Amino acid sequence: MNDIVLHNYYRSSTSYRVRIALEMKGMTYNYVPHHLRHGEHLGPAYLAVNPQGLVPALVWSDGTLLTQSLAIIEFL
C-alpha cells in the first residue's frame, strides 16, 4: 500500500507540476481529486487535511503535510 497521497485538481497547473515531479522521480502515490469548480476543496473533509483549502497538497508517508507546488517539488 502506498502512503503518499496527492490531493489535487486535474486542470490545476500547480498540481500538474507536482504530478510531473512525482513521475520523474518514479514515485507512486495515491491520487485524490478535488473538483475546484464544484467547491470540493472547501468541504469539511478536505479542510481537515489542508485548512487552507488549496491544491495541491501532498501528505507524506509519515503524515507530514506539504502545500505549495514549488515547496513540494523542492522536498521531492
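See the structure shown above.
The following refers to the structure shown.

Calculation notes
Residues numbered from 1 in each chain as written. Predicted model: local features only at pLDDT ≥ 70, side-chain atom pairs only at ≥ 80, totals over all residues. Heavy atoms only, no water. Helix = DSSP H or I, 4+ residues; strand = E, 2+ residues; numbered from the N terminus. Pairing = 2+ DSSP bridges. Axes fitted to C-alpha atoms, helices over the stretch in contact; angles between N-to-C directions. Contact = heavy atoms within 4.5 Å. Patch = residues over 30% accessible without salt bridge, like charges linked within 9 Å, V, L, I, M, F, W, Y side chains within 5 Å. Areas by Shrake-Rupley, 256 points an atom, 1.4 Å probe, with all protein chains shown as cover. Salt bridge = Lys/Arg side-chain N within 4 Å of Asp/Glu carboxyl O. Buried < 20%, exposed > 50% of the residue type's maximum accessible area, 1.4 Å probe, protein only. Core = buried A, V, L, I, M, F, W, Y, C linked by side-chain atoms within 4.5 Å. Polar contact = N/O pair within 3.5 Å; in protein donor to acceptor, adjacent residues only side chain to side chain.

On to unusual backbone geometry. Residue proline 56 is bonded to the preceding valine 55 through a cis peptide linkage, with omega at 0 degrees. Tracing the sequence through the fold places proline 56 in the loop between helix H2 (44-49) and strand E3 (57-59). Even without glycine at this site, glutamine 68 takes up a positive phi of about 70 degrees.

With that settled, the discussion passes to the sheet that holds strand E4 (residues 65-67). If you trace the four strands from one edge of the open sheet to the other, you get E2-E1-E3-E4, paired in mixed fashion. Each edge of the sheet is formed by a strand with only one pairing partner; in this case those strands are strand E2 (30-33) and E4. Strand-to-strand, the axes of this sheet are offset by a mean angle of 20 degrees, without reference to chain direction. Here strand E1 (residues 5-8) runs beside E2; their pairing, made up of four bridges, is parallel. Residue pairing across strands places asparagine 8 opposite proline 33, the latter belonging to E2. Where helix H1 (residues 13-24) meets the sheet, it contacts E1, E2 and E3, and its direction lies at approximately 155 degrees from that of E1.

With that settled, the discussion passes to a nonpolar patch on the surface. A surface patch of nonpolar side chains, about 350 Å² in accessible area, is lined by Tyr16, Ile20 and Met24. Here isoleucine 20 is to be found in helix H1. By relative accessible area, isoleucine 20 is classed as partly exposed at 36%.

Okay, the nonpolar core next. Residues Ile4, Leu6, Val18, Ala21, Leu22, Tyr29, Leu58, Trp60, Leu66, Ile72 and Leu76 constitute the largest nonpolar core, which totals 11 residues. Tallying contributions element by element places H1 first for this core, with three residues.

The subject of this paragraph is the side chain of histidine 7. By secondary structure assignment, the location of histidine 7 is in strand E1. Looking at histidine 7, its side chain comes within polar contact range of the side chain of histidine 34, at 2.9 Å. Leave out the neighbours within four places in its chain, and histidine 7 touches Val32, His34, Tyr46, Val49, Val55, Pro56, Ala57 and Val59.

Here we come to the pairing of E1. In the case of a regular strand, side chains alternate between the two sheet surfaces. Burial of E1 is two-sided: the residues Val5 and His7 facing one way and the residues Leu6 and Asn8 facing the other way are all buried. One ladder, built from three bridges, connects E1 with E3; its direction is antiparallel. From the neighbouring strand, leucine 6 faces E3, where its bridge partner is leucine 58.

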